[in-house]
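# Analysis of the macromolecular model
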Amino acid sequence: RIAGSCNAVVKRPDGSLWGDMFDGVGFCRGLKQKNFRFDGARCLLVGAGGVGAAIAASLAAEGVTSITISDISQASAESLAERLKMFFPQLETRSGENDAAGYDLVINASPLGVPGDPLPIDVARLSPDTFVGGVVMKAEMTPLLLAAKGRGCRFQIGTDMLFEMIPAY
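Residues numbered from 1 in each chain as written. Predicted model: local features only at pLDDT ≥ 70, side-chain atom pairs only at ≥ 80, totals over all residues. Heavy atoms only, no water.

The subject of this paragraph is helix α5 (residues 158-165). Considered for burial, the residues of α5 that qualify are Gly158, Met161, Glu164 and Met165. When α5 is viewed along its axis, its buried side chains cluster within an angular range of 135° and face the same direction. The inward-facing, buried residues of α5 contact α1 (23-33), α2 (50-62), β7 (131-134) and β8 (154-156). (Buried < 20%, exposed > 50% of the residue type's maximum accessible area, 1.4 Å probe, protein only. Helix = DSSP H or I, 4+ residues; strand = E, 2+ residues; numbered from the N terminus. Arc of directions from axis to C-beta. Contact = heavy atoms within 4.5 Å.)

Put into structure tokens, the structure is as follows:
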């Protein structure tokens, strides 16, 4: 309900359908494998589509303090922020700019990410203490992740999310 989409549907014995979205669970399981601390974390999410929304919901469930949502569509960012507040009233949510300064976790869940695309954030604003995650599967080390690594940031590649989704399925 928060993501507004699903990537798996099960037909129950009574004929009803049940769907779920596993991208967020996989993304967060990957972060756990890398010892990321969710409790109290401030997050910037770039991309408010289905994958971004699923990640935001899972981050909220893991206990992050705040999520700023940046999207090319301000309406999409605002809508996701409102849905998150309905399910996680303690979570500080807002839609806003993609300035990466001051965040513990920065996630690129936007369509940008392959070589030749513009970077979704200004990497010069990343602190070496920031954890950077991506969801792109086409390139293991996207330009964003390469830049984050160059700044000393810990990072997570897109296929880490994919592999950690498998147990949820």
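There is more to say after this.
Right, let's talk about the pattern of salt bridges for a bit. One pass over the full model with this rule turns up five salt bridges. Lys32 is the salt-bridge partner of Glu62, the closest N and O atoms lying 2.8 Å from each other. Residue Glu62 is located in helix α2, and its partner Lys32 is located in helix α1; the two are separated by 30 residues in the primary sequence. Glu62 gets classed as partly exposed once you look at its relative accessible area, which sits at 31%. (Salt bridge = Lys/Arg side-chain N within 4 Å of Asp/Glu carboxyl O.)

Here the focus is the sheet that holds strand β5 (residues 92-95). Ordered by their spatial adjacency, six strands build an open sheet running β5-β4-β3-β6-β7-β8, and the pairing between neighbours is parallel. Each of the sheet's edge strands pairs with one partner strand only, and the pair in question is β5 and β8. Across the sheet, the mean angle from the axis of one strand to that of its neighbour is 15°, orientation sign disregarded. Here strand β3 (residues 42-46) pairs with strand β6 (residues 105-108) via four bridges, running parallel. Residue pairing across strands places Val46 opposite Asn108, the latter belonging to β6. (Pairing = 2+ DSSP bridges. Axes fitted to C-alpha atoms, helices over the stretch in contact; angles between N-to-C directions.)

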